[in-house]
Amino acid sequence: MLAAGMKPYHELGLEKARQQSIERTKVATGFIDYSGDEWEVIVPSPYSKDGIPVTVFKPSSAPEVPAILVIFPRWRSPLGESQTERGGQQDYCKGFRAIVLNVEYRLLPDPVFPFAPFDDGVVVTKWVLENKEAVGGKPRSKVGIGVDSAGGQLSASVTNDVLGLDFQVLVYPMTDTTLSSPSFKEFEKSPILGEGDIKWALDLTVGNIPDYSTNPRANLMKRTNTRDSPPALVILSELDPFRDCGLEYADKLRTAGVTVQCEVIKGVPHAFFILRTCSRRYALKHTTWSSGF
C-alpha cells in the first residue's frame, strides 16, 4: 500500500477513496482461479421499483445440497464498487464449497434513507430463505450471512431482524459505534484502519441516524434480542481497532445462549481476510465447522 502511494481514506474524500478502494482490493486479492457458474438475479423490494441486484456464485465443487452464504460486501458502505471484491467472493466459494450471493444494496450516505443497507439486507435475506432453488440451492440447503468489517456489522444486524437463518460468519465486525472498547485506542494510529478512517466511515454510513450510538440496528451492543441469532463463527484480527468490540459481541451472543466459535488470528491487522491465500486457507481449515451448517 505504501509503495503504491495509498493514503488514509479520510484524507482523500469520498470519490477518490472509492477509486483507491478498487485499486487496493485488486492488489490484495489478485487473480482467483475460479471454476463454477455465475449469474444475476433481481430480488423484488418494496424500497426500489428495480429491485435489488444479487450476483450468484456457485462453485463446481459444491455438494448436492450446498450451503448458501449471503454476503454484504464491506466496502459497499460507503465506498461502493462491490464487484471489485468478486475475487474474494469466488475464494469463499472454493473454500467453503458453498453458493455465495453478493448483494448490491443501496449505498450510504443517504439522508433520506439512512437505513437503506439494513432494509435491503433484510429484504434479500428473507427472499433467499424462501427461494433457495432460485439461487442454485436445494430446499434443504442451510442459509447464512456475513462477512467482514462494515459487512459484518450489517450482517449481524440482519440476523437479529430475520428469523430462520442457520449460521452467521462475522469477520472483524464493527459492533460498537461508540468506539469505547480499549482496542480502538490501542490501534488509533493503525496504518490499515486508524481512528480518522473509522470516524470518517461512521459519519458517512450512520451519521444521518441521530441516535446511531444507541440505535440497536446500527450499534449491535445495544441489541436486546440476540437470543434469536443463529450460531456464529466470529473471526477477529489481533492487531485491529475492532478486536475488542468483536470479543464483546461474541460474549453478548454466548450470554444470550447462542452457539459461538470465536477465534483471534494472531499477528494480523484489520482487512487481512481479503488476502486470497489467507481467506481460502482459513476457510478450508474450518471445513468441518462450515459443513455442520
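As the structure is a computational prediction, the values presented were derived from the model and not from experiment.

Student: Quick rundown of the overall build of the chain? Include the residues and the values.
Tutor: Regarding its fold elements, the chain presents nine helices and eight strands. Restricting the contact set of the chain to residue pairs at least 6 apart, pairs at least 24 apart contribute 74%. Accessible area of the chain: about 12,300 Å², with a carbon and sulfur share of 53%.

Student: Before we move on, could you go through the pairing of strand β1 (residues 36–45) and cite the residues and values that matter?
Tutor: In this structure, β1 lies alongside strand β2 (residues 48–59), joined through nine bridges in antiparallel fashion. The partner of tryptophan 39 across the bridge, within β2, is valine 56. Connecting β1 to the antiparallel partner β2 that follows it, the hairpin turn spans two residues.

Student: How would you explain the environment of glutamine 153 if you had to name every residue and give the values?
Tutor: Along the chain, glutamine 153 falls in helix α4 (residues 150–159). Sequence-wise, glutamine 153 and methionine 174 are 21 residues apart; in three dimensions their C-alpha atoms are separated by 5.0 Å. Those residues in contact with glutamine 153, other than ones at most four positions away along the chain, are Pro173, Met174, Thr177, Ala218 and Leu220.

Student: Go over the nonpolar core, please, and point to the residues and values.
Tutor: Val70, Leu101, Val103, Val124 and Val128 are the most contacted members of the largest nonpolar core, which totals 36 residues. Contributing elements (two or more residues each) for this core: β1, β2, β3 (68–71), β4 (99–103), α3 (116–130), β5 (143–148), α4 and α6 (195–205). Element by element, the count of residues in this core is highest for α3, at six residues. What valine 70 contacts, discounting residues up to four positions off in sequence, is Leu101, Val103, Val124, Val128, Val143, Gly144, Ile145 and Gly146. With 20 residues, the next largest nonpolar core counts Tyr34, Val147, Val169 and Ile265 among its residues.

Student: Describe in detail the environment of glycine 144, supporting the description with residues and values.
Tutor: Here glycine 144 lies in strand β5. In this structure, glycine 144 is in contact with Ile68, Leu69, Val70, Leu165 and Phe167, ignoring residues within four places of it in sequence.

Student: An account of the packing of aromatic side chains is needed here, citing residue identities and associated values.
Tutor: Enumeration over the complete set of coordinates arrives at six aromatic pairs. For the pair phenylalanine 115 and phenylalanine 118, a centre-to-centre distance of 5.9 Å together with 70° between the ring planes defines the contact as edge-to-face. Ring pairing ties together the aromatic residues Tyr172, Phe272 and Phe273, which thus form one cluster. Lying across the ring of phenylalanine 113, arginine 106 places its NZ or CZ 5.6 Å from the centre.

Student: Break down the pattern of salt bridges for me, with residues and values.
Tutor: One pass over the structure, following the stated rule, counts ten salt bridges. A salt bridge links arginine 106 to aspartate 120; the nearest nitrogen and oxygen atoms lie 3.0 Å apart. Taken as a pair, arginine 106 in the loop between β4 and α3 and aspartate 120 in helix α3 lie far apart in primary sequence, 14 residues in all. Under the relative-accessibility criterion, arginine 106 is labelled partly exposed at 22%. Of the charged contacts in the structure, one is a salt bridge between arginine 217 and aspartate 119, with a shortest N-O distance of 3.1 Å. Residue arginine 217 is located in the loop between α6 and β7 (232–239), and its partner aspartate 119 is located in helix α3; the two are separated by 98 residues in the primary sequence.

Student: Kindly report on the sheet that holds β7, identifying the contributing residues and their values.
Tutor: The eight strands lie next to each other as β1-β2-β4-β3-β5-β6-β7-β8, forming an open sheet whose pairing is mixed. Two strands bound the open sheet, and with one partner strand each, they are β1 and β8 (260–269). Across the sheet, the axes of successive neighbouring strands diverge by a mean angle of 20°, strand direction being ignored. Its contacts with the sheet put α3 on β1, β2, β3, β4 and β5, and the angle it makes with β1 is roughly 115°. Along the sheet, helix α7 (residues 243–255) contacts β6 (167–171), β7 and β8; its crossing angle with β7, the most-contacted strand, is approximately 155°.

So, how was this worked out
Residues numbered from 1 in each chain as written. Predicted model: local features only at pLDDT ≥ 70, side-chain atom pairs only at ≥ 80, totals over all residues. Heavy atoms only, no water. Helix = DSSP H or I, 4+ residues; strand = E, 2+ residues; numbered from the N terminus. Contact = heavy atoms within 4.5 Å. Areas by Shrake-Rupley, 256 points an atom, 1.4 Å probe, with all protein chains shown as cover. Pairing = 2+ DSSP bridges. Core = buried A, V, L, I, M, F, W, Y, C linked by side-chain atoms within 4.5 Å. Buried < 20%, exposed > 50% of the residue type's maximum accessible area, 1.4 Å probe, protein only. Phe/Tyr/Trp six-rings, centres within 6.5 Å; stacked < 30°, edge-to-face > 60°. Lys NZ or Arg CZ within 6 Å of the ring centre and 35° of its normal. Salt bridge = Lys/Arg side-chain N within 4 Å of Asp/Glu carboxyl O. Axes fitted to C-alpha atoms, helices over the stretch in contact; angles between N-to-C directions.

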